[in-house]
There are 4 protein chains.
Amino acid sequence: MVYSGEPVLAEDLLFKPEHSLIEQSLHSRMGATTTNGDGFGIGWYGEGPVPAIFKSVEPAWNDRNLREVTTQVRTGLLFAHVRASTGTPVQRSNCHPFRHGSWLWMHNGAVGGFHELKRDLMFAVDPSLYPDVEGSTDSEALFFLALTFGLEDDPIAAVARAVGFVEEQAERRGIPNPVQATMAASDGHSVWAFRYSTAHQSRTLYHSTNVTRLRELHPELEMLRTLSDDTRFVVSEPLRDLPGAWREVPESSCGIIQPGDDEIRPFEPTRPALVL
Amino acid sequence: MVYSGEPVLAEDLLFKPEHSLIEQSLHSRMGATTTNGDGFGIGWYGEGPVPAIFKSVEPAWNDRNLREVTTQVRTGLLFAHVRASTGTPVQRSNCHPFRHGSWLWMHNGAVGGFHELKRDLMFAVDPSLYPDVEGSTDSEALFFLALTFGLEDDPIAAVARAVGFVEEQAERRGIPNPVQATMAASDGHSVWAFRYSTAHQSRTLYHSTNVTRLRELHPELEMLRTLSDDTRFVVSEPLRDLPGAWREVPESSCGIIQPGDDEIRPFEPTRPALVL
Amino acid sequence: MVYSGEPVLAEDLLFKPEHSLIEQSLHSRMGATTTNGDGFGIGWYGEGPVPAIFKSVEPAWNDRNLREVTTQVRTGLLFAHVRASTGTPVQRSNCHPFRHGSWLWMHNGAVGGFHELKRDLMFAVDPSLYPDVEGSTDSEALFFLALTFGLEDDPIAAVARAVGFVEEQAERRGIPNPVQATMAASDGHSVWAFRYSTAHQSRTLYHSTNVTRLRELHPELEMLRTLSDDTRFVVSEPLRDLPGAWREVPESSCGIIQPGDDEIRPFEPTRPALVL
Amino acid sequence: MVYSGEPVLAEDLLFKPEHSLIEQSLHSRMGATTTNGDGFGIGWYGEGPVPAIFKSVEPAWNDRNLREVTTQVRTGLLFAHVRASTGTPVQRSNCHPFRHGSWLWMHNGAVGGFHELKRDLMFAVDPSLYPDVEGSTDSEALFFLALTFGLEDDPIAAVARAVGFVEEQAERRGIPNPVQATMAASDGHSVWAFRYSTAHQSRTLYHSTNVTRLRELHPELEMLRTLSDDTRFVVSEPLRDLPGAWREVPESSCGIIQPGDDEIRPFEPTRPALVL
């Protein structure tokens, strides 16, 4: 889940259940009622340009420190993630979001054949970045590849090259359909939300539309009144059945939440043609 | 879940999935796929008369230390429990099973109105036992009341008085249907499994029947061949649909697994008529 | 440690080592170099009247979430505590500070014979407060006794009665010198710091004096320049050898940090003469 | 610490204080009184050829599960380690001992300039082993290099090449004195204990001598009576001042504890002359 909008208490975004657009999503995704019990994390921009992260292997609803902290933290840009491990250890350093400098990154999905590909992918990471890798997951590998390929300068091109590189390596080893990914990245100002899979059968991704319009449609929803006009949510699953509230990010595309008008751009991997 | 039988590796009971009678139960109950994510615990008898306990607030399937330990521990009497918190903190001291001396105790269910009743119940605990209470749950309160009322001498009578005392206190305060409980207790030799609720609408409780008979019925099940004749499981939910494999512990009764023949006895609370 | 002053980043108070008045104290007290490894906690006032608490059984210097959070939290009133267990379980609910409503409480020291006294003390806690006790420590018992005896109305009188009650119960049971305590309480506006022991051999307690004066004495200390004039620290041990920086809270007294002039008042327990 | 001898309860090795040769060492090394608070671990051989490991980031003395487990585990070959982080994250996967197949590995010391060298070192790990690396430490890198260079066939030669390789890479980058290491490895039958540093100023390493002889010298020590003749301890620091009890492993050598007579062999790194 990504929240972008006026600074609000993180608690209101994560734990306040009444009239919340995201409660259902979080309730299911943050470990209370589903199999997503392999850790959670939030990242948020507040004081200074570097976002803070709070990650844990305990189920989010059980983490009392998380609940305490969210009562005190105001943020206009929050990432929240619940992890379902695909085999790598359940430990804090493998929880999302990942951070590098002022960038946050999170990923739902998996790199097929990662155990086999891991070494190739890790050694393509820029040597100056390599020592900063702390965990052992495919998601962090994707992040560091994207950083290697220029995430900080041109996020869409960098992610396209990172994904293309993974596909290239997988092809070399005969691994079919290696990439399944919804991913989000932010520099604290804009958010890039990617939906892509090699097989073009990607997990769903939705973003909320104009709050002004929603408010007109749903005057009974108190929470909508308190949200600023530029509020946006990005979520994996359609939430409440509010007609007009959610727009699907199309297959193979990238949604950009930014100052000014949001955008949806097509997303296709590019082969970086690295010689290892 | 309770296992009683020949000493086997705890790993075989808890994590070996193939041909396991209990895999389904544990898979659902130990945190991998359900809402029971508020901690787990095992207790087992091995070296010496005092059982060991391993309890944690991490989901059981994620706890690497648990998996390691179960590869090294042989036991003929194992309790395993997954906790769904009913409001008290998620911390190790609130996880089941509970232990006192050579006794183990675990409980599924809840004491209705516990927040209101807690003080009355705790001050009925024998003063010499009181300081040993480590957690803050209704389940541990029931255990210490049962100990107070003679668990070590006459388990059924003691639990009857403990439950009766809770019902008496609840009545005084106008709390309806206070007790909902399946409970198990053991001294390392026998296991007492209780099924009771004030409203006589108790959670289910099953125990496995004679393994010899099962083996005849299901010659294809490899695991059955390795189990000794006196193997017994006690579980909350019917497992595989093996006709003849499971017998329901009836409403308001106590099943006793013991050397010699097992027994089922009726269970009714008695009012201890304590003057506080 | 208590900080009272202009809102500052918690990180600056807890982790910034350079030129910090409190670094030495925290470095030793927060688990990096001493035996105080049984958990830590911070409590702070920020958004709203209810303070937030962050407590953990990991050593403070290892807790990455703590470090992250402190980069984002500004507070003008912070409690920090490192626990050395005196026997009760090492679990979050036993870490300091404790909170009730808008009050924070922490304690260094011990109640002698607590295992023996626990039931008497807990029984004297107001029944309406009793269910809110979450842990099992002498420190939390003292807090709830103080709340029972009116902490929210008259902190010094309430703590005097709480301590007196403990001494009375200890006397009944022949336990000598039961109370050893430096304690701090706050409602978010003032801080009461107590130094008392039955044997009148109390652990030390210091508070910082006027920052203006310190600044004149130590123009070379950068940190002093950034602190507001009303900044106060309360600590257990003398820090840097800054002549004039620290004033010892005398034996059997209570220091009050409050808007306007600070005060030191004598502190003597009173026997509440409860009939149990 | 390494214990090799008759199977004993792990509890007796780790926690029983009375008359214990190793109590002092463990008391200081397992987190109760020193700065070594960044996690601990034990590994032991018991059921089957694969050793079990129990590792945690909590201080060892606070880990109730550890204490429980040690009351139930008998082992004739135990590794115990307390970690002092040199910068890499404090998480279970970075705690010692490390395991691969039937091998255990632990390390005290550091690889100088590891942040800079990490990529070169990891790249030299055999690609078939690479994906099994779970943590991010220099110690695990050394282990996987030793495995790459044939630890399972010729431990001393393999460690010599691993250390030599690290020194070679460090030289290429101008990093002086890169290796500081006492290391222990075992396959469940023998134990190899290395003492080496590039600067030939290695941390100390001691092994206990013949217990029969010790028993004669110290008839008053009860614990010695219960130990079998082939009992050996390897420790970092001299323990009790028992004349004749401890023999220092010399600088640049490897002690081998094995069936039959123990050995001390000189240890010198060899340059594997890898072309990267």
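Under the annotation held in an unreviewed UniProt entry, chain A carries the name Class II glutamine amidotransferase and is attributed to Terrabacter terrae.

Caption draft 1: Highlighting the interface of chain A and chain C. Contact with chain A, which involves 21 residues of that partner, is made by 21 residues of chain C. Between chain A and chain C lies a buried interface of about 1800 Å² when both sides are counted; carbon and sulfur atoms form 40% of it. Of all residues in chain A, A:E47, A:E68 and A:Q72 bury the most surface against chain C, accounting for 39% of the area lost on that side. In this structure, the connection of chain A to chain C is made through 6 salt bridges. Taking the shortest distance from any N to any O, the salt bridge between A:R74 and C:E47 comes out at 2.6 Å. Our count for the contact surface shared by chain A and chain C stands at 14 residue pairs in polar contact (both at pLDDT 80 or more). Breaking the side of chain A that touches chain C down by element, the ones donating at least two residues are β3 (52-56) and α3 (64-70) of chain A.

Caption draft 2: Highlighting the relation of the copies chain A and chain C. Of the transformation superimposing chain A on chain C, the axial component is 0.0 Å and the angular component is 180°, with the fit at an RMSD of 0.0 Å. As the rotation angle and translation indicate, the two copies are arranged about a two-fold axis. When you check the interface residues of chain A against chain C, 100% turn up at the interface there too, and the contact is symmetric in its surfaces.

Caption draft 3: Highlighting the environment of B:S128. Residues and elements named next belong to chain B. On the secondary structure map, S128 appears in the loop between α4 (114-124) and α5 (138-148). Residue class for S128 comes out exposed when judged on its relative accessible area of 56%. In this structure, the C-alpha to C-alpha distance between S128 and R83, residues 45 residues apart in sequence, is 28 Å. A polar atom in the side chain of S128 sits 2.6 Å from the side chain of D126.

Caption draft 4: Layout of the relation of the copies chain B and chain D. Rotating chain B by 180° and moving it 0.0 Å along the rotation axis overlays it on chain D with an RMSD of 0.0 Å. In this assembly the copies share their binding face: 100% of the residues contributing to the interface of chain B also contribute to that of chain D.

Caption draft 5: Inspection of the interface of chain B and chain D at higher detail. Taken residue by residue, the interface counts 21 residues in chain B and 21 residues in chain D. Buried area between chain B and chain D, summed over both chains or domains, comes out near 1800 Å², and the portion from carbon and sulfur atoms is 40%. In terms of surface lost to chain D, no three residues of chain B exceed B:E47, B:E68 and B:Q72, which account for 39% of the buried area on that side. Where D:R64 meets B:E134, a salt bridge forms, and the shortest distance between an N and an O atom there is 3.0 Å. Where chain B touches chain D, the interface holds 14 residue pairs in polar contact (both at pLDDT 80 or more). Those elements giving two or more residues to the side of chain B that touches chain D turn out to be β3 (52-56) and α3 (64-70) of chain B. No other element matches β3(B), which puts 5 residues into the side of chain B that touches chain D. Of the residues belonging to the side of chain B that touches chain D, the class tally is 8 nonpolar, 5 polar and 8 charged.

Caption draft 6: Quick peek at the pairing of strand β7 (residues 179-186) of chain D. All names here are of chain D. Judged by how many residues are buried, β7 sits mostly within the fold: 7 of 8 residues are covered. Inspection of the sheet shows strand β6 (residues 103-111) paired to β7 by 8 bridges, in the antiparallel sense. Within β7, the residue paired with H107 across the bridge is M183. Sheet topology note: the β7/strand β8 (residues 191-197) ladder contains 7 bridges and is antiparallel. Residue pairing in the sheet places Q180 in a bridge with S197 of β8. Hairpin connection from β7 to β8: 4 residues lie between these consecutive antiparallel strands, with G188 at a positive phi of about 100°.

Caption draft 7: Region of the structure containing the sheet that holds strand β13 (residues 263-266) of chain C. Residues and elements named next belong to chain C. On the basis of which strands lie adjacent, the open sheet formed by 6 strands has the order β5-β6-β7-β8-β12-β13 and antiparallel pairing. The two strands at the open ends of the sheet, each matched to only one other strand, are β5 (98-100) and β13. Taken pair by pair, the neighbouring strands of this sheet meet at an average axis angle of 20°, ignoring direction. Sheet topology places β5 next to strand β6 (residues 103-111); 3 bridges connect them, and they run antiparallel. What sits directly across from F98, in β6, is W105. Each of β5, β6 and β7 (179-186) is contacted by helix α5 (residues 138-148), which is oriented at about 130° to β6, the strand it contacts most.

Caption draft 8: The arrangement of the sheet that holds strand β12 (residues 253-257) of chain A in detail. Residues and elements named next belong to chain A. In space, the 6 strands of this open sheet follow the order β5-β6-β7-β8-β12-β13, with antiparallel pairing throughout. On the outer flanks of this sheet lie β5 (98-100) and β13 (263-266), each paired with one strand and no other. The mean inter-strand angle of the sheet, taken between neighbouring strand axes irrespective of direction, is 20°.

Caption draft 9: Seen up close, the side chain of C:Q169. Structurally, the position occupied by C:Q169 is in helix α6 (residues 155-172). Among the polar contacts made by the side chain of C:Q169, one reaches the side chain of C:R172 at a distance of 3.1 Å.

Caption draft 10: Layout of the packing of aromatic side chains. In the structure shown here, the tally under the stated rule is 40 aromatic pairs over all chains. Geometrically, the ring pair formed by A:Y3 and A:F233 is tilted, given 5.4 Å between the ring centres and 55° between the ring planes. Of the two residues, A:Y3 is situated in strand β1 (residues 2-9) and A:F233 in strand β10 (residues 232-235); the sequence distance between them amounts to 230 residues. As far as burial versus exposure is concerned, A:Y3 and A:F233 are alike and both buried. Judged by centre distance (5.5 Å) and plane angle (55°), the rings of B:F123 and C:Y130 are tilted. A residue pair is termed interchain when its members come from two chains, as with B:F123 in helix α4 and C:Y130 in the loop between α4 (114-124) and α5. Residue C:Y130 is classed as buried on the basis of its relative accessible area of 5%. Following the ring pairs from residue to residue traces out a cluster consisting of A:F40, A:F54, C:F40 and C:F54.

Caption draft 11: Layout of the pairing of β3(B). Residue and element names in this part refer to chain B. Burial within β3 is extensive, with 5 of its 5 residues counted as buried. The side-chain alternation of β3 yields two buried faces, one formed by A52, F54 and S56 and the other by I53 and K55. Where strand β2 (residues 40-45) folds back onto β3 in an antiparallel hairpin, the turn is made up of 6 residues, including G48, whose phi is positive at roughly 75°.

Caption draft 12: Local environment of the packing of helix α4 (residues 114-124) of chain A against helix α6 (residues 155-172) of chain A. All names here are of chain A. Running from N to C, α4 and α6 cross one another at 140°; their axes reach a closest spacing of 10 Å. As far as their axial angle goes, α6 and α4 are oblique. In the crossing of α4 with α6, the sense of the turn from one axis to the other is right-handed. Of α6, the residues touching α4 (which contributes L117, D120, L121 and A124) are F165, V166, Q169, A170 and R172. Here the residues of the contact of α4 with α6 sort into 6 nonpolar, 1 polar and 2 charged.

Caption draft 13: Here's a closer look at α6(A). The end-to-end C-alpha distance of α6(A), which contains 18 residues, comes to 26 Å, matching closely the 26 Å that a straight helix rising 1.5 Å per residue would cover. Summarising burial for α6(A): 14 of the 18 residues are buried, a large majority.

Caption draft 14: Inspection of the state of the cysteines at higher detail. Evaluated as defined, the whole model comprises 0 disulfides over all chains. C:C95 supplies the cysteine sulfur nearest to B:C95, a cysteine that is in no disulfide, at a spacing of 16 Å.

Conventions adopted
- Residues numbered from 1 in each chain as written.
- Chains lettered and ligands numbered in written order.
- Predicted model: local features only at pLDDT ≥ 70, side-chain atom pairs only at ≥ 80, totals over all residues.
- Heavy atoms only, no water.
- Contact = heavy atoms within 4.5 Å.
- Buried area = accessible area lost by both parts, 1.4 Å probe.
- Salt bridge = Lys/Arg side-chain N within 4 Å of Asp/Glu carboxyl O.
- Polar contact = N/O pair within 3.5 Å; in protein donor to acceptor, adjacent residues only side chain to side chain.
- Helix = DSSP H or I, 4+ residues; strand = E, 2+ residues; numbered from the N terminus.
- Least-squares fit on C-alpha atoms with pLDDT ≥ 70 in both.
- Buried < 20%, exposed > 50% of the residue type's maximum accessible area, 1.4 Å probe, protein only.
- Nonpolar A, V, L, I, M, F, W, Y, C, P; charged D, E, K, R; others polar.
- Pairing = 2+ DSSP bridges.
- Axes fitted to C-alpha atoms, helices over the stretch in contact; angles between N-to-C directions.
- Phe/Tyr/Trp six-rings, centres within 6.5 Å; stacked < 30°, edge-to-face > 60°.
- Parallel < 35°, antiparallel > 145°, perpendicular 65-115°, else oblique.
- Left-handed = near helix turned anticlockwise from the far one by under 90°.
- Expected span 1.5 Å × (residues − 1).
- Disulfide = S-S within 2.5 Å.

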